[in-house]
Amino acid sequence: DAKTTQPTSMDCAEGRAANLPCNHSTISGNEYVYWYRQIHSQGPQYIIHGLKNNETNEMASLIITEDRKSSTLILPHATLRDTAVYYCIVRASLRYGGATNKLIFGTGTLLAVQP
Amino acid sequence: DVKVTQSSRYLVKRTGEKVFLECVQDMDHENMFWYRQDPGLGLRLIYFSYDVKMKEKGDIPEGYSVSREKKERFSLILESASTNQTSMYLCASSLGGGRGSPLHFGNGTRLTVT
């Protein structure tokens with residue numbers, strides 16, 4: 001699976017958009033980009049994922065560059081409850097029948113939303 | 001919303017005890033996973049299952065076994081708990097079929113072996 005690079009930490013003012021970047025320059029054609037976040041003492045929470053096109057759901061938007069070498073997670077109106085570690089992961093789709101499913105989380109970005 | 005439920009949030013066991021960690025998902029997912037999370041090491045895959053009674057070893061299966069008798073339930077068993085198995089254990093599930101389906105995680109079980 002391709003490796004990702006994220007900033008260690010970021011600040012964002014409450015109510016503003018939080019834009020979290022991720023570099024994945026060695027991504028392969030069949031690898032998806034996933035974003036998760038983890039609040040202390042809880043399990044990772046799935047946010048969004050995409051392959052080529054930009055995606056949006058009720059939590060966030062995912063912008064993937066045309067060459068797929070980087071992406072940005074956008075939280076449109078950050079709240080204090082969005083303070084967490086955000087992980088960007090690229091992974092090939094799990095093949096039925098047992099491909100090893102190694103989800104490499106890395107160190108992520110600690111997003112601190114300030115009041 | 002997908003719900004993955006782990007039976008205990010905190011567990012304290014003694015060295016040598018047999019430990020069962022239970023996980024249930026309510027979304028009819030084919031795939032289920034057990035990870036452990038340790039500071040500085042990230043999430044490491046212990047075992048996963050892509051169907052009832054099917055299981056495959058992950059990266060660190062030694063000292064663990066699993067059971068999947070029903071589609072919704074995936075159990076992790078520590079045959080003889082040791083102090084180096086003190087960790088946060090995370091269960092996850094996902095749809096099968098190779099569509100890039102994301103993993104959905106439970107809230108974890110923090111196991112301490114004394």
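Residues numbered from 1 in each chain as written. Chains lettered and ligands numbered in written order. Predicted model: local features only at pLDDT ≥ 70, side-chain atom pairs only at ≥ 80, totals over all residues. Heavy atoms only, no water.

Visitor: Provide a residue-level description of the state of the cysteines, including the pertinent values.
Guide: A covalent bond between the sulfur atoms of two cysteines is referred to as a disulfide. Residues and elements named next belong to chain A. Under the defined criterion, the tally for this structure stands at two disulfides over all chains. Here Cys-22 connects covalently by a disulfide to Cys-88, the sulfurs 2.1 Å from one another. The sign of the S-S torsion, about -80 degrees, decides the handedness of the disulfide formed by Cys-22 and Cys-88: left-handed. Taken together, the positions of Cys-22 in strand β2 (residues 18-23) and Cys-88 in strand β8 (residues 84-92) put the pair 66 residues apart, joining distant regions of the chain. (Disulfide = S-S within 2.5 Å. Helix = DSSP H or I, 4+ residues; strand = E, 2+ residues; numbered from the N terminus.)

Visitor: Please provide a residue-by-residue account of the sheet that holds strand β1 (residues 4-6) of chain B, values included.
Guide: All names here are of chain B. Read across the open sheet, the four strands follow the order β1-β3-β8-β7; overall the sheet is antiparallel. Looking at the sheet topology across the chains shown, the edges are occupied by β1 and β7 (64-70). Sheet twist, expressed as the average angle between the axes of neighbouring strands with direction ignored, equals 20 degrees. The pairing of β1 with strand β3 (residues 19-25) spans three bridges and is antiparallel. What sits directly across from Thr-5, in β3, is Val-24. (Pairing = 2+ DSSP bridges. Axes fitted to C-alpha atoms, helices over the stretch in contact; angles between N-to-C directions.)

Visitor: Explain unusual backbone geometry to me, using residue names and the numbers behind them.
Guide: All names here are of chain A. The phi dihedral of Ser-41 is positive, around 70 degrees, even though this residue is not glycine. Its location among the elements puts Ser-41 in the loop between β3 (31-38) and β4 (45-50). A residue is classified by how much of its surface remains accessible, and Ser-41, at 25% relative accessible area, is partly exposed. Positive phi, close to 65 degrees, is recorded for Arg-68, a residue that is not glycine. As for its placement among the helices and strands, Arg-68 is situated in the loop between β6 (61-64) and β7 (70-75). (Buried < 20%, exposed > 50% of the residue type's maximum accessible area, 1.4 Å probe, protein only.)

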